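Structural features, examined
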Amino acid sequence: MNTLQNWQTHEISNQFDELQAYNLFETDQVLQEILQRYGSTDQQNLSQLAQIVGSTEYYQYADLANRHTPELHAFDARGRRKDFLEFHPAWHQWMKLNRQFNTHAYPFNHPQSSTKWVDWAARFFLSGQVECGNLCPNSMTLGSIPLIQNEPELWAKVGEKLLFTEYDERDLPIAQKKSIWLGMGMTEKQGGSDVRANQTIAVPVAESGRGQAYLLTGHKWFFSAPMCDAHLVVAKTEQDGLACFFVPRWLEDGTKNNIHVQRLKDKVGNRSNSSSEVEFKNAWGIMIGEAGRGIPTIIEMANYTRLTCSVGSSAMLRQALVQCIAYTRQRKAFGKHLAEHPLMQAVLADLALETEAAMQLSFHLAHCYENTDELSLAWKRIMTPAAKFWICKRTVELTGEMMEVFGGNGYVDTGIMARIFKEAPVNTIWEGSGNVMCLDVLRAIQRDRDSIEVLFKSLAQVASQDSILQNELQALFKLFNGLQADELQFMARSLVSRLVILAQAILLKQHAPGFVADAFIATRYSAFYGRVVGMLDAKSVDVERLLGRAFA
């Protein structure tokens, strides 16, 4: 509807709201193809979730949850410590929905399914297009489950509550709740990503070692998210060095654990979700994992949460792309719809290529989490941090371009475009910054030299069909194998970026229509690629088919 309201001074026309009230699954041809390729039989449930997520009601819930941010009530009226977090009801609507659709634990509630991780990724991807903040506790709970499963006594107490699909928002001891959430606490002021610099001390209550109780004293500079029912915390012990601990918010006797929330972080984005600074004053916890292996234990959790970063950033790209296409098909400038102008078509086409490439890589990685064969393990070890680095980094830049498509309307905080733009950087920082991810790629290769050969051998099967890809693969293989350690680290961002683009090109070559794969290869291996969005050769891109595929 062009005319929204008539004022005394002018008639409002050629103004269009962001897209709402559509089914995110039924309008996503690429996602449907991916699920069909891997043999998913869950598409009816996914379509149901997508219909709810895409409703006007849930877009409004997302807006409300991000405008009415969590409030910390550290004390009651008489000065007694209570550390209670108050959330807007809209937050609870999103938490309830994702719990209901198993976004927090799908692979572990369907262990026999051969597509459990792909089906989980689809849930995370659909939900994350509209409200990202609530995915933080979903992500951490997902990543914590395999760690807790390795602790039989603890799993017997909390396992069913971690897996349960009914949301329980009550702030009570774990034993009294139907379902629970888990968070994490690693970062301290003095260390940041250098977890080995942690100063929090854990002292055994009686016996020391795995499964034993400890008292923790120290602080966490980032504690995500403080309303969770328990957290996995890294602390050091005198006997065994760094270890990982399960630290509940409530004790079994019905009293609050000595975890004092100092304040909530005032973040750029991710506003609906609470992040905090805390102090432990003899906080009670149980050691999980082997003594002295706190970092490898928590990194096992991070391997899952890093995957969620890639899927979540792909979701932001998808939503922003759809909004751009829908808007430019309605808005007119200089006598034509924006989407009919060749220069805008170049921008949209470039964004569509990047979005599909991110989706193909994220879902292929999720598929690799289903398997334990040598190739899948190589993908997981090398490409999980690589994808997290590249997709999340690109999302920061591209959401800025996408916001610009809306002009000034995109730059105001009353619409989803600005929220996505401010949300995007969190995934580049959380669970390891870009430099940390690149270093992890190098570590994965150095620890298992065979893994890079297995990966490159697999990529070569498709790269051999295209001279550009074949030349790039050979050049990269020589660099990874020929450079000294300092040279590798100095060039890590370049090498990892090239590796991801190559992997995306090969996945598109395997699974996407020729007009998509050919356009991606032609543009990504152009001398102009990456300077700004939309620097394309018109002969290399079939705009009409590409944008029709992106959003029907």
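See the structure shown above.
As the structure is a prediction and not an experimental result, all values here were calculated from the model.

The next thing to look at is helix 3 (residues 56-67). Taking 1.5 Å as the rise per residue, helix 3 with twelve residues should run 16 Å; its terminal C-alpha atoms sit 17 Å apart, in good agreement. Along helix 3, the positions that sit buried rather than exposed are Tyr58, Tyr59, Tyr61, Ala62, Ala65 and Asn66. End-on, the buried residues of helix 3 take up no more than an arc of 155°, which puts them together on one face. Turning to helix 3, the residues buried within the fold contact helix 2 (43-53), helix 4 (89-100), helix 9 (294-328) and helix 12 (416-423).

A word on the side chain of Gln360. In this structure, Gln360 sits in helix 10 (residues 342-368). A residue is classified by how much of its surface remains accessible, and Gln360, at 1% relative accessible area, is buried. The contact partners of Gln360, leaving out residues within four places of it in the chain, are Val30, Ile34, Arg37, Leu507, Leu508, His511 and Ala512.

Another point: helix 18 (residues 492-511). The terminal C-alpha atoms of helix 18, which comprises 20 residues, lie 28 Å apart, in line with the 28 Å expected from a rise of 1.5 Å per residue. Of all the 20 residues making up helix 18, 14 are buried; the element is thus mostly covered by neighbouring parts of the structure.

With that settled, the discussion passes to a negative patch on the surface. Taken together, the side chains of Asp373, Glu374, Asp450 and Glu453 present a region of like negative charge at the surface. Position of Asp373 among the secondary structure elements: in the loop between helix 10 and helix 11 (374-405).

This brings us to the packing of helix 11 against helix 14 (residues 434-447). Helix 14 packs onto helix 11 with a crossing angle of 160° between their chain directions and a minimal axis gap of 8 Å. Classified by the angle their axes make, helix 11 and helix 14 are roughly antiparallel. Crossing hand, helix 11 versus helix 14: left-handed. Of the residues in helix 14, those in contact with Arg381, Ile382, Pro385, Ala386, Lys388, Phe389 and Lys393 of helix 11 are Gly434, Met437, Cys438, Asp440, Val441, Ala444 and Ile445. Considered class by class, the residues forming the contact of helix 11 with helix 14 number nine nonpolar, one polar and four charged.

Conventions and cut-offs
Sequence order as written defines the numbering, with residues in each chain counted from 1. Restriction of local features to residues with pLDDT of at least 70 applies here, the model being predicted, together with a cutoff of 80 or more for giving and counting side-chain atom pairs; totals for whole chains, interfaces and linings are based on all residues. The side-chain quantities take in all heavy atoms of the structure and omit both hydrogens and water. Helical segments are the DSSP runs of H or I of at least four residues, strand segments are the runs of E of at least two, and each set is numbered from the N terminus. Each helix should span, by expectation, one fewer than its residue count multiplied by 1.5 Å. Only protein chains enter the accessibility calculation, which uses a 1.4 Å probe; a residue is then buried when its area is under 20% of its type maximum, exposed when over 50%, and partly exposed in between. What the arc describes is the spread of directions from the helix axis to the C-beta atoms. It only takes one pair of heavy atoms within 4.5 Å for two residues to be counted as in contact. Patch rule: a residue counts if its relative accessible area is over 30% and it has no salt bridge; like charges are joined within 9 Å, and nonpolar side chains (Val, Leu, Ile, Met, Phe, Trp, Tyr) within 5 Å. What sets the accessible areas is the Shrake-Rupley method with a 1.4 Å probe; for residues, cover comes only from the shown protein chains. Salt bridges, as used here, are contacts in which a Lys or Arg side-chain nitrogen is within 4 Å of a carboxyl oxygen on Asp or Glu. Counting rule for charge: Lys and Arg are taken as positive, Asp and Glu as negative, and neither His nor the chain ends is counted. Lys charges are placed at NZ, Arg charges at CZ, Asp charges at CG and Glu charges at CD. In this description, a line fitted to the C-alpha atoms serves as the axis of each element, helices being fitted only across the stretch in contact, and the angle between N-to-C directions of two axes falls anywhere from 0 to 180 degrees. Our angle categories are set so that under 35 degrees counts as roughly parallel, over 145 as roughly antiparallel, 65 to 115 as roughly perpendicular, and the remainder as oblique. In a left-handed crossing the near helix is turned counterclockwise from the far helix by less than a right angle, and in a right-handed crossing that turn is clockwise. Each residue is assigned to one of three groups, with Ala, Val, Leu, Ile, Met, Phe, Trp, Tyr, Cys and Pro labelled nonpolar, Asp, Glu, Lys and Arg labelled charged, and all others, Gly among them, labelled polar.

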